[in-house]
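Commentary on secondary and tertiary structure
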Amino acid sequence: MPAVVIIGGQWGDEGKGRVVDYAAKNCSIIARYSAGTNAGHTIVNDLGKFSLHLIPAGIFYSEKKCLITHGVVIDPFKLLEEISMLQDRSVDISNLIISNRAHLIMPWHKIIDELEEKRRGKNAIGTTKTGTSPAFIDKVARNGIRVADLLNKKRFTEKLNLILKDKNELITKFFGSEPLAYNEILNEYSDYATKLAPYVSDTMSIVQKADENGETILLEGAQGALLDIDSGTYPYVTSAVPASIAAGACIGVGIGPKSIKKVVGVFKSYQTRVGEGPMPTELKGETGDKLRNQGLEDGTAEYGTTTGRPRRCGWFDGVLAKYTAKLNGMDAIALTRLDTLSGFEEIKVCTSYNVNGKTVDTPPGTFEELNIAIPNYETFPGWKEDVSEARQLSDLPNNARNFVKKIQSVTTTPIGMVSVGPKREQAIIIKQLLD
Ligand code: IMP
């Protein structure tokens, strides 16, 4: 089985990291194929709890190749910070390989991300301000600087000189802010070049060779399908190219669609979102607060891994889930955080919306309509029991099992795994995800 994609089915933060960490043991390559430092994964294993933004969640398996491919935009400062953090905690990262074709997040991207958000005022997108989307915009505008350029001093100097002039015009004249200094950036990035050079290679040919040899390649998605530039809740999306959906994986690593044998969608047992934009099932009162803060004691409460912002919380949105299951061609679902729902009197699943007096079971195409969509819910009795020790479906209380069955029927996709806690072993495996 050559390639398996693991993709988020909601607005990101579904728990892909823990699913990749679990599935990686049966693969020879784990490749992160899109997004930038805007993404964040939390992994809990024998070595403790780790928050990763760029390095694939498979890094903990030292015998496997861990790739950051050309679909990712790299903030070298953040990447080196992540490398040091892992080294300090005795994680072997000699298996890390970075694409020479990946684009760089430059200092102006972070500044422009801030300035643009400020300028949008009440229409702000709520970006992560990591410079990720501006770096993708420059990639598409053909104004990007790639890792290979960073390693070639002459080319880097020329490009920096040329691009910085334009960016400083924009920053000073359009935004009325302070210009960036050429020499400071040159010195900073020359240091990054020396430190990153040992990890840089042609990841595309590594993946293609593994594909030819029939090795299992795990393609690790970042964010979620609802943040995709084309299929998501535009304009409240991220600007990543390739797309944040399964189809983007081929582009992001450099293989053809026929090599993808399986798509696993990761969904939380409820809905969360960070940043602005429509969220029909959002719960603004006590129930939303309870969903957010259930994990306060064990550090798994709903606050962003990248920005620390409180996540907006709500009931599982079956209309959007069915949509993203189809959009990504999901073969199986990994349902995460079932344990968070323990202790609710009742639990709801949205199965359709009322939009302008009509009942619909597919999401409307504009954020304006999604903003006024009124969810229709099916209500299920909750369960009081702690489910974190469950290892088979039969260990779950009846009400929890019924809820899991409902997610399967509403998405028309089989559930392969249910996670009941942040640790590797806290999972119910119904069917091996890679089979
Ligand atoms: P940007 O990617 O920083 O431009 O942010 C665009 C939108 O995507 C904002 O609503 C962010 O909060 C959201 N976003 C970006 N990356 C992630 C992620 O990894 N998880 C959840 N939301 C994200």
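Bear in mind the structure is a predicted one, so any value in this text is a computation, not a measurement.

Observations concerning the pattern of salt bridges
Side chains that carry opposite charge are capable of pairing whenever their charged atoms lie near each other. Tallying each qualifying case throughout the model produces 23 salt bridges. A salt bridge links K78 to E81, with the shortest nitrogen-to-oxygen separation between them at 3.7 Å. In this pair, K78 and E81 both sit in helix α2 (residues 76-88), three residues apart, roughly one turn of the helix. Overall, K78 belongs to the partly exposed group, its relative accessible area being 34%. On the accessibility criterion, E81 (40% relative accessible area) is partly exposed. Several salt bridges share partner residues, and in doing so they unite D13, K268, E302, R311 and R337 into one network.

Looking at the packing of α2 against helix α7 (residues 182-196)
The geometry of α2 relative to α7 is characterised by a closest axis approach of 10 Å and an angle of 40° between their N-to-C directions. Between α2 and α7, the angle is such that the two are oblique. In the crossing of α2 with α7, the sense of the turn from one axis to the other is left-handed. Judged by residue contacts, P76, F77, L79, L80 and I83 of α2 engage Y189, Y192, K195 and L196 from α7. The class makeup of the residues in the contact of α2 with α7 is eight nonpolar, no polar and one charged.

Focus on the pairing of strand β3 (residues 41-45)
With four of its five residues buried, β3 lies for the most part within the structure. Looking at chain direction, β3 and strand β4 (residues 48-52) are connected through five bridges and run antiparallel. Counterpart to I43 in the pairing with β4 is F50. If you look at the hairpin formed by β3 and β4, you'll find two residues sitting between the two strands.

Considering unusual backbone geometry
Negative phi is the rule for most residues except glycine; trans is the rule for most peptide bonds. A cis amide bond links Y234 with the next residue in sequence, P235, at an omega value of 5°. In this structure, P235 sits in the loop between β10 (217-224) and α9 (247-253). Along the chain, V241 connects to P242 via a cis peptide bond; the corresponding omega equals 15°. Relative to the assigned elements, P242 resides in the loop between β10 and α9. With a phi close to 65°, S90 is a non-glycine residue in the positive phi region. Since its relative accessible area comes to 64%, S90 is described here as exposed.

Description of a negative patch on the surface
On the surface, a cluster of negative charge is made up of D46, D386, E389 and E425. Among the structural elements, E425 can be located in the loop between β19 (415-419) and β20 (427-429). The exposure class assigned to E425 is partly exposed, which follows from its relative accessible area of 47%.

A word on the domain arrangement of the protein
You can read the domains of the protein as domain 1 (3-91 + 202-429) and domain 2 (103-199). Placing a centre on the C-alpha atoms of domain 1 and another on those of domain 2 gives a separation of 29 Å. Contacts between domain 1 and domain 2 engage 29 residues on the former and 24 residues on the latter. Overall, the association of domain 1 and domain 2 removes approximately 2100 Å² of surface from exposure, summing both partners, and the carbon and sulfur fraction of that is 64%. Linking domain 1 with domain 2 are one salt bridge. In this structure, D75 and K110 form a salt bridge, with 2.9 Å as the shortest nitrogen-oxygen distance. Here domain 1 is connected to domain 2 by nine residue pairs in polar contact (both at pLDDT 80 or more). Elements supplying a minimum of two residues to the side of domain 1 that touches domain 2: β6 (73-74) and α2. Residue contributions to the side of domain 1 that touches domain 2 peak at six residues, all from α2. In terms of residue class, the side of domain 1 that touches domain 2 is built from 15 nonpolar, 11 polar and three charged.

So, the site of the ligand
Around the ligand, the structure places 17 residues, and the nearest of them are N38, T128, S133, T238 and R309. In the environment of the ligand, an oxygen atom lies 2.5 Å from a nitrogen or oxygen atom belonging to the side chain of T128. Between V274 and the ligand, the recorded distance is 3.2 Å, taken from a backbone N or O atom to an oxygen atom. Across the complex, the protein chains shield 98% of the 470 Å² of accessible surface that the ligand would expose by itself. Because more than half of its atoms lie within 2 Å of the grid, the ligand is assigned to the largest pocket. Of the residues assigned to the shell around the ligand, the class counts are six nonpolar, nine polar and two charged.

Basis of the calculations
Residues numbered from 1 in each chain as written. Predicted model: local features only at pLDDT ≥ 70, side-chain atom pairs only at ≥ 80, totals over all residues. Heavy atoms only, no water. Salt bridge = Lys/Arg side-chain N within 4 Å of Asp/Glu carboxyl O. Helix = DSSP H or I, 4+ residues; strand = E, 2+ residues; numbered from the N terminus. Buried < 20%, exposed > 50% of the residue type's maximum accessible area, 1.4 Å probe, protein only. Axes fitted to C-alpha atoms, helices over the stretch in contact; angles between N-to-C directions. Parallel < 35°, antiparallel > 145°, perpendicular 65-115°, else oblique. Left-handed = near helix turned anticlockwise from the far one by under 90°. Contact = heavy atoms within 4.5 Å. Nonpolar A, V, L, I, M, F, W, Y, C, P; charged D, E, K, R; others polar. Pairing = 2+ DSSP bridges. Patch = residues over 30% accessible without salt bridge, like charges linked within 9 Å, V, L, I, M, F, W, Y side chains within 5 Å. Areas by Shrake-Rupley, 256 points an atom, 1.4 Å probe, with all protein chains shown as cover. Lys, Arg positive; Asp, Glu negative; His and termini not counted. Charge placed at Lys NZ, Arg CZ, Asp CG, Glu CD. Domains from an automatic or database assignment. Buried area = accessible area lost by both parts, 1.4 Å probe. Polar contact = N/O pair within 3.5 Å; in protein donor to acceptor, adjacent residues only side chain to side chain. Near = heavy atom within 4 Å. 1 Å grid on protein atoms, 1.4 Å probe; cavity = no way out; pocket = protein on both sides within 12 Å on 5 of 7 lines; lining within 4 Å. Sits in = over half its atoms within 2 Å of the grid points.

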